[in-house]
Amino acid sequence: MDDKELDALIDIGAKIYGFNVKPDWRAAVKMHLTICLGHAETVLAAAISDHVDPAPVFRA
Amino acid sequence: MSDWTTGTVLAAAIAAGQTTAKATIEACLTRIETLNPKLNAFTAVTAERARIRAAAVDADIASGLPPGPLAGVPFAVKNLIDIAGITTVAGSKINRTYPPAASDAPLVQRLEAAGAILVGALNMGEYAYDFTGENAHDGNCRNPHDTARMTGGSSSGSGSAVGGGLVPITLGSDTNGSIRVPASFNGVFGLKPTYGRLTRAGSFPFVSSLDHLGPLCRSVSDLAVTYDAMQGADPNDPVCTGQIDPIMPLLDNGIAGLRVAKAGGFFRAGAAAEALIALDSIAAALGAEAEVEIPDTTIARSAAYIITATEGAALHLPRLRSCPDDFDPDVRDRLLAGALIPAAAVTQAQKFRRLYRQRVLALFDSVDAILAPATPCVAPKIGQRTFVLDGTEMPVRPNIGLYTQPISFIGLPVIAVPVPTAIGMPIGVQIIAPPWREDIAFRIARALEVSGAVRTLTPKL
């Protein structure tokens, strides 16, 4: 994602969630978002069978 | 008794009448008063409570009641663990407006039932989203081996207080490495038990999928006694299984027949010379020549990162909306970014968690334990924002837990053991065991301690 796209994602996310990203926070948020999206890309690229169950915490 | 006497030795001396709980607690409170201004490890000292409790322990011993295995031993807890009458701030400014905890967390209750005496609450990175030990509200916690350096986090005070000899035992939490990183930087033993082993009830959460509680100590015996005292079921933590496997009867069983290997690949790339020398020295002391490749570690770390960022953001969303200025900026900016991760990546990360568990457990068919660095380097300087890993300059805060994150991701039990280095700062090595086999990690740690290959240092403060 380029800088403009990151800004757009931050703006729409802030609107959806109802939080404010002040101008002097934006560079740091953008840096962390870039790291997060890199990790998301790694995870989404992993080959995982349709039949693997997610592993969140739950016991019926 | 010196400031460096371990908890089990102290308890034996108190039980034998060689000293008293009262004298022990007074000495401990004096040391905290003297050294805390340098280390900033404690955020609250429960002196009056400790004195009352010490008198009760001494009275029990005088009347012939059996003293517990930790009789009269001072301990302190990361300030995300409930202490009755004190607000659980979790390293934050925001939680200071919350009411005081109504009761002690179960782990505090269990340690006191074993005779230990709580002396206070400890500094930590805000809301446990931290590997540095820096805190904008309470001030940075400082490393007892060099006060210009980080303690590591987020259990910063837990590492610093034990490393500096303020108390022999502390409790911390570990979501991605927050016990093992401070254990490494402060040169102490740290246990992250199997996920679901110790109850987390009465602690402020961070990432429920990954949160663990555990002890930091100056000896393997202290770690074992403390751990045994805390095991048990708790219906108030849906993750806690209640499986109890006491360690003390097995601690000196030796390591004959155990197959130990070093982790290669991911766990060597990026490590500084000190981390690799420490790892290799521990492996040599154990005769562990084999190297194993833990598969898909890069994906595992990314998945842990995604789950942490999104669960953390979801947890704090109401506070991010209502009072974002009251966060530590370094934490707030990461939480805001975490809220923007696509949901599909989170589900995929949780699916990968199950797959990765199967793949790593298969490795334990051929080995009983795996050694890996706890941190890629010794403690960085406080305020340092970047470091170089594997030739790439990276931000310090998200990357100190590079080698711990893929292990806690699937809840494996780990003991971080302290290794002195030629540059004067300690560094930790992880002893990683299969789920529910803390006993293996303990037996190896004990053998290394007896051989002198691992040991805590006594910094001049």
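Residues numbered from 1 in each chain as written. Chains lettered and ligands numbered in written order. Predicted model: local features only at pLDDT ≥ 70, side-chain atom pairs only at ≥ 80, totals over all residues. Heavy atoms only, no water.

Colleague: Any chance you could explain the pattern of salt bridges here in plain terms?
Modeller: When the charged atoms of two side chains lie near each other, side chains of opposite charge can form a pair. In the structure shown here, the tally under the stated rule is 30 salt bridges over all chains. Across the salt bridge formed by A:Asp3 and A:Lys30, the nearest N and O atoms sit 3.2 Å from each other. Of this pair, A:Asp3 sits in helix α1 (residues 3–17) while A:Lys30 is found in helix α2 (residues 26–45), placing the two residues 27 residues apart along the sequence. For B:Arg259, the salt bridge is made with B:Asp368, and the minimal N-O distance between the two is 3.1 Å. Residue B:Arg259 is located in the loop between α7 (220–230) and β7 (260–263), and its partner B:Asp368 is located in the loop between α11 (343–363) and β9 (369–373); the two are separated by 109 residues in the primary sequence. (Salt bridge = Lys/Arg side-chain N within 4 Å of Asp/Glu carboxyl O. Helix = DSSP H or I, 4+ residues; strand = E, 2+ residues; numbered from the N terminus.)

Colleague: For this particular structure, what's the right way to read the environment of B:Ala271?
Modeller: Residues and elements named next belong to chain B. Residue position: Ala271 is located in the loop between β7 and α8 (273–286). The exposure class assigned to Ala271 is buried, which follows from its relative accessible area of 14%. The spacing of Ala271 and Asp146 is 125 residues in sequence and 21 Å in space, taken between C-alpha atoms. (Buried < 20%, exposed > 50% of the residue type's maximum accessible area, 1.4 Å probe, protein only.)

Colleague: For this particular structure, what's the right way to read the packing of aromatic side chains?
Modeller: How two aromatic rings sit relative to each other is set out by the distance from centre to centre and by the angle between their planes. Taken as a whole and assessed by the stated rule, the structure comprises eleven aromatic pairs over all chains. Geometrically, the ring pair formed by B:Phe352 and B:Phe409 is stacked, given 6.5 Å between the ring centres and 15° between the ring planes. Remark: B:Phe409 occurs in the loop between α13 (405–408) and β12 (414–419) and B:Phe352 occurs in helix α11; sequence separation between them is 57 residues. Grouped by ring-pair contacts, the aromatic residues B:Tyr127, B:Phe204 and B:Phe327 constitute a single cluster. Note that B:Arg332 overlies the ring of A:Trp25, its terminal NZ or CZ placed 3.6 Å from the centroid. B:Arg353 extends its terminal NZ or CZ atom over the ring of B:Tyr195, reaching a point 5.4 Å from the ring centre. (Phe/Tyr/Trp six-rings, centres within 6.5 Å; stacked < 30°, edge-to-face > 60°. Lys NZ or Arg CZ within 6 Å of the ring centre and 35° of its normal.)

Colleague: What's the story with the packing of helix α9 (residues 297–322) of chain B against α11(B) in this structure? I'm lost.
Modeller: When two helices pack together, their arrangement is captured by the angle between the axes and the distance separating the axes. Residues and elements named next belong to chain B. Where α9 meets α11, the closest approach of the two axes is 9 Å, and the angle between their N-to-C directions is 135°. Here α9 lies oblique to α11, going by the angle between them. For the crossing formed where α9 meets α11, the hand is left-handed. Across from Thr297, Ile299, Ala300, Ala303, Ile306, Ile307, Thr310 and Glu311 in α9, the residues of α11 making contact are Ala345, Val346, Ala349, Gln350, Phe352 and Tyr356. (Axes fitted to C-alpha atoms, helices over the stretch in contact; angles between N-to-C directions. Parallel < 35°, antiparallel > 145°, perpendicular 65-115°, else oblique. Left-handed = near helix turned anticlockwise from the far one by under 90°. Contact = heavy atoms within 4.5 Å.)

Colleague: Explain the sheet that holds strand β8 (residues 291–292) of chain B here, please?
Modeller: Through backbone hydrogen bonds, the strands of a sheet pair up, either in parallel or in antiparallel fashion. Residue and element names in this part refer to chain B. Pairing is mixed across the open sheet formed by eleven strands, whose spatial order is β1-β3-β2-β4-β6-β5-β12-β13-β9-β7-β8. Edge strands, defined here as strands with exactly one partner in the open sheet, are β1 (42–45) and β8. The pairing of strand β4 (residues 169–174) with strand β6 (residues 212–217) spans six bridges and is antiparallel. Directly across from Ser173, in β6, lies its bridge partner Leu213. Running over the sheet, helix α2 (residues 21–39) touches β1, β2 (74–78) and β3 (117–122) and is turned about 15° from β3. (Pairing = 2+ DSSP bridges.)

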